[in-house]
Amino acid sequence: MTVPRPSPGPRLVATCWTTAGTARPLDEPELASHSPFERIDAVADGGWSGLGFAHDDLDLMRRTTGFAPVAEHARARGLDHVEVELVGDWWLDPARWRERWSLLLDAAEAFGSPVVKAGSAFGVPWSDLSVLVDPLRRLAVEAADRGTRVALEPLPFAVVGSVPAAADLVRRVDHPAAGLTVDLWHVARAGTTLTELTACLDADRVFQVELDDADADPVGDLFEDTRDRRRYCGEGDLDVVGFVRVLRDLGVDVPWGVEVLSEEHRRAGLEEGLRRARDTALAVLLAAGPQPPSTGSCR
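Fair warning: this is a prediction, and the values are worked out from it, not measured in the lab.

Colleague: Even after reading the chapter, I still don't get the layout of surface pockets, so can you show me in this structure?
Modeller: The method is simple in principle: a probe with the dimensions of a water molecule rolls over the atoms, and the space it marks as empty is what remains. Here the largest pocket defines a volume of roughly 740 Å³. Residue lining of the largest pocket: 31 residues in total, with Pro25, Leu26, Glu30, Leu86 and Phe122 positioned closest to the centre. For the lining of the largest pocket, the element with the highest residue contribution is helix H9 (residues 222–228), accounting for three residues.

Structure, rendered in structure tokens:
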């Protein structure tokens, strides 16, 4: 069988929600309306380099097909980057998160995932994150033992509320397997400027980047806005081009994740949604100027 390869140019990853169909964060359960094999085929046919899977899909996968056939299919279709997510509550009683964390580590090992995403609890952002340093370091140690890393994603409506706060936390953790997910929507909605982003980031601690767009002001509360109202890159009011340039100037060298969460995207269907997500992301990356030569693998 001829294995389709991503087209030349920037490496794009369809993050988990971009291929989840009608599923939404905090649905019960958060199960995609397309099978893992359908998602892999659509991503490969669309010229992407990789994709992501979320916890509930991974749990169902393990209980049915197992990880190995899905991982083999992804490799056969030329996809060499598979992300898994998300663990939360990792500083609390292990009974609340250990089972999920173990599942994500098993999946990361099976897929050769370069990173497992971690989040934090919804709430008012904390001003002092000292209590999280040792727990995040323990996650990093366990991830490294399984051949992967952990990326913390700050959310403006969570206790780790901004990229500068998360970057400071990761520096205090001081472990090579602890890093960040930097999502433009969360950067903008936390009120972080591109100047502040430049000042707080170290390139080797940025493990994931996620591109998206948004209206100038939130529609509904912040969670509703992030789940239902994101825009395709370049179709909203955020400075997506400036964001890309900041990360390139810093020397960040990871694939460009594209995370589109919106009612509009869910209505589009898998193939059409992926086409539009890819085309708009590529247009922004082109507008940002030439991509510097890669200095390493996506891992």
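Colleague: Quick question: what am I supposed to make of the nonpolar core here?
Modeller: The tendency in soluble globular proteins is for nonpolar side chains to be buried as a group. Counting residues in each nonpolar core, the largest one holds 86 residues, and the members touching the most others are Leu58, Trp90 and Phe111. If near-sequence neighbours (up to four positions away) are discounted, Leu58 is found in contact with Phe53, Phe67, Val84, Glu85, Leu103, Leu104, Ala107 and Phe111. Cys16, Ala20, Ala23 and Ala32 belong to the second largest nonpolar core, which has seven residues in total.

Colleague: Just to check I follow, could you spell out the pairing of strand S6 (residues 178–183) for this structure?
Modeller: Residues in a regular strand project their side chains so that they alternate between the two faces of the sheet. Here S6 lies mainly inside the structure; six of its six residues are buried. Sheet analysis places strand S5 (residues 150–152) next to S6, joined by three bridges and oriented parallel. Its bridge partner lying in S6, Ala151 is registered against Gly179. Between S5 and its parallel partner S6, the chain crosses via helix H6 (residues 163–173), and the hand of that crossover is right-handed. Pairing of S6 with strand S7 (residues 206–211), which is carried by four bridges, proceeds in the parallel orientation. Following the sheet pairing, Leu180 is matched in S7 by Val206.

Colleague: What is the right way to read the environment of Trp256 from this model?
Modeller: Positionally, Trp256 belongs in strand S8 (residues 256–258). Residue Trp256 is classed as buried on the basis of its relative accessible area, which comes to 5%. In sequence terms Trp256 and Thr15 are 241 residues apart; their C-alpha atoms lie 9.5 Å from each other.

Colleague: Would you take a moment to explain empty space enclosed by the protein for this structure?
Modeller: Summed over the entire model, instances satisfying the criterion amount to two cavities of 30 Å³ or more. Considering the residues around the largest cavity, the lining is formed by Thr18, Gly21, His34, His265, Arg266, Gly269 and Leu270. For the lining of the largest cavity, a count of residues per class yields one nonpolar, five polar and one charged.

Colleague: So what exactly am I meant to see when it comes to the pattern of salt bridges here?
Modeller: Where side chains of opposite charge bring their charged atoms close, a pairing between them can arise. This model, assessed by the stated rule, comprises 29 salt bridges. A salt bridge links Asp41 to Arg77, with the nearest nitrogen and oxygen atoms 2.8 Å apart. Linking Asp41 in helix H1 (residues 36–45) with Arg77 in the loop between helix H3 (67–76) and strand S3 (81–87), this pair joins segments that are 36 residues apart in sequence. On the basis of relative accessible area, Arg77 is assigned to the buried category, the value being 9%. Note that Arg189 and Asp225 form a salt bridge whose closest N and O atoms lie 3.0 Å from each other. Taken as a pair, Arg189 in helix H7 (residues 184–189) and Asp225 in helix H9 lie far apart in primary sequence, 36 residues in all. Taken as a pair, Arg189 and Asp225 share a single burial class, namely buried. Each member of the salt-bridge network shares a partner with another, and the members are Arg62, Asp106, Glu109 and Arg146.

Each value, and the rule that gives it
Residues numbered from 1 in each chain as written. Predicted model: local features only at pLDDT ≥ 70, side-chain atom pairs only at ≥ 80, totals over all residues. Heavy atoms only, no water. 1 Å grid on protein atoms, 1.4 Å probe; cavity = no way out; pocket = protein on both sides within 12 Å on 5 of 7 lines; lining within 4 Å. Points joined across faces, edges and corners; volume = space filled by probe spheres on them. Helix = DSSP H or I, 4+ residues; strand = E, 2+ residues; numbered from the N terminus. Core = buried A, V, L, I, M, F, W, Y, C linked by side-chain atoms within 4.5 Å. Buried < 20%, exposed > 50% of the residue type's maximum accessible area, 1.4 Å probe, protein only. Contact = heavy atoms within 4.5 Å. Pairing = 2+ DSSP bridges. Right-handed = clockwise from strand over helix to strand, strands pointing away. Nonpolar A, V, L, I, M, F, W, Y, C, P; charged D, E, K, R; others polar. Salt bridge = Lys/Arg side-chain N within 4 Å of Asp/Glu carboxyl O.

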